Amino acid sequence: VQLQASGGGLVQPGGSLRLSCAISASGTILVMNPMGWYRQAPGKQRELVAAITSGGSTNYVDSVKGRFTISRDNAKNTVYLQMDSLKPEDTALYYCNAQITHEDVRGTVVAGNYWGQGTLVTVSS
């Protein structure tokens, strides 16, 4: 199973970015639940930013409520994080995470928790 995150970059305060995380696996992905985005700023612990269940329920850390939106496209095995009204304190490495159950090429069902490689978001003027 691989999670490929993209979409990070440098943006001015008040700007927007959209992160994407595409999930692939050898075999068939059966369940992706939940899926989420974490971030880690320099000198700080990694924190959960937003998560979404297979049923579409979402939750957000208080600091991003009303500014960030998490969504998923099950047909594309992709989770997104739309980030608006960005602030300098949003600067961090953003990681996608998913609890995935998949059937491998041998027909074995495997469940595990997986991380993407991180994409850097820098909010600065």
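To be clear, the structure that these remarks concern was listed above.
The model shown is predicted, which means the values in this text are computed figures rather than measured ones. (Residues numbered from 1 in each chain as written. Predicted model: local features only at pLDDT ≥ 70, side-chain atom pairs only at ≥ 80, totals over all residues. Heavy atoms only, no water.)

Undergrad: Outline the overall build of the protein chain, listing residues and values.
TA: Counting secondary structure elements, the protein chain contains 0 helices and 11 strands. Helices (α) and strands (β) of the protein chain occur, in sequence order from the N terminus, as β-β-β-β-β-β-β-β-β-β-β. Taking 2.2 N^0.38 as the reference for a compact globule, 125 residues should give roughly 14 Å; the C-alpha atoms of the protein chain span a radius of gyration of 15 Å, in line with that estimate. C-alpha atoms of the protein chain, sized along the principal axes, occupy 50 × 25 × 25 Å. Within the protein chain, buried positions represent 39% of all 125 residues. Excluding contacts between residues fewer than 6 apart, the proportion of contacts in the protein chain whose partners are at least 24 apart in sequence is 56%. Accessible surface, the protein chain: about 6,500 Å² in total, of which carbon and sulfur atoms supply 47%. Measuring between centres, the 10 positive side-chain charges of the protein chain sit 2 Å from its 8 negative side-chain charges. (Helix = DSSP H or I, 4+ residues; strand = E, 2+ residues; numbered from the N terminus. Rg over C-alpha atoms; globule rule 2.2 N^0.38 Å. Buried < 20%, exposed > 50% of the residue type's maximum accessible area, 1.4 Å probe, protein only. Contact = heavy atoms within 4.5 Å. Areas by Shrake-Rupley, 256 points an atom, 1.4 Å probe, with all protein chains shown as cover. Lys, Arg positive; Asp, Glu negative; His and termini not counted. Charge placed at Lys NZ, Arg CZ, Asp CG, Glu CD.)

Undergrad: Provide a residue-level description of the pairing of strand 10 (residues 109-115), including the pertinent values.
TA: Pairing geometry for strand 9 (residues 92-103) and strand 10, over 7 bridges, is antiparallel. Directly across from Thr-101, in strand 10, lies its bridge partner Ala-111. Between strand 9 and strand 10, which follow one another and run antiparallel, lie 5 residues, and Gly-107 among them has a positive phi close to 90°. (Pairing = 2+ DSSP bridges.)

Undergrad: Just give me the short version of the pattern of salt bridges, but keep the residues and values in it.
TA: On inspection of all chains with the given rule, the structure shows 5 salt bridges. Ionic pairing is found between Arg-39 and Glu-47, a salt bridge with its closest N-O pair at 2.7 Å. One salt-bridge network, in which partners are shared between bridges, spans Arg-39, Glu-47, Arg-67 and Asp-90. (Salt bridge = Lys/Arg side-chain N within 4 Å of Asp/Glu carboxyl O.)

Undergrad: For the environment of Asn-74, give the residues involved together with the corresponding values.
TA: As for its placement among the helices and strands, Asn-74 is situated in the loop between strand 7 (68-73) and strand 8 (78-83). Spatially, the C-alpha atoms of Asn-74 and Leu-48 are 21 Å apart, while their sequence positions differ by 26 residues. Among the polar contacts listed, one links the side chain of Asn-74 to the side chain of Arg-72, at a separation of 2.8 Å. (Polar contact = N/O pair within 3.5 Å; in protein donor to acceptor, adjacent residues only side chain to side chain.)

Undergrad: How would you sum up a nonpolar patch on the surface? Please name residues and give values.
TA: A contiguous nonpolar patch, built from Leu-30, Val-31 and Val-109 and spanning about 250 Å² of accessible area, is present on the exposed surface. Position of Val-31 relative to the elements: it lies in strand 4 (residues 28-40). Judged by its relative accessible area of 38%, Val-31 falls in the partly exposed class. (Patch = residues over 30% accessible without salt bridge, like charges linked within 9 Å, V, L, I, M, F, W, Y side chains within 5 Å.)

Undergrad: Describe the nonpolar core, and please don't skip the residues or the numbers.
TA: Within the largest apolar cluster, 31 residues are counted, with the highest numbers of intra-cluster contacts made by Trp-37, Leu-81, Met-83 and Tyr-94. Contributing elements (two or more residues each) for this core: strand 1 (2-6), strand 3 (17-24), strand 4, strand 5 (47-52), strand 7, strand 8, strand 9 and strand 11 (119-123). Tallying contributions element by element places strand 9 first for this core, with 5 residues. (Core = buried A, V, L, I, M, F, W, Y, C linked by side-chain atoms within 4.5 Å.)

Keep in mind these values describe shape, not function.
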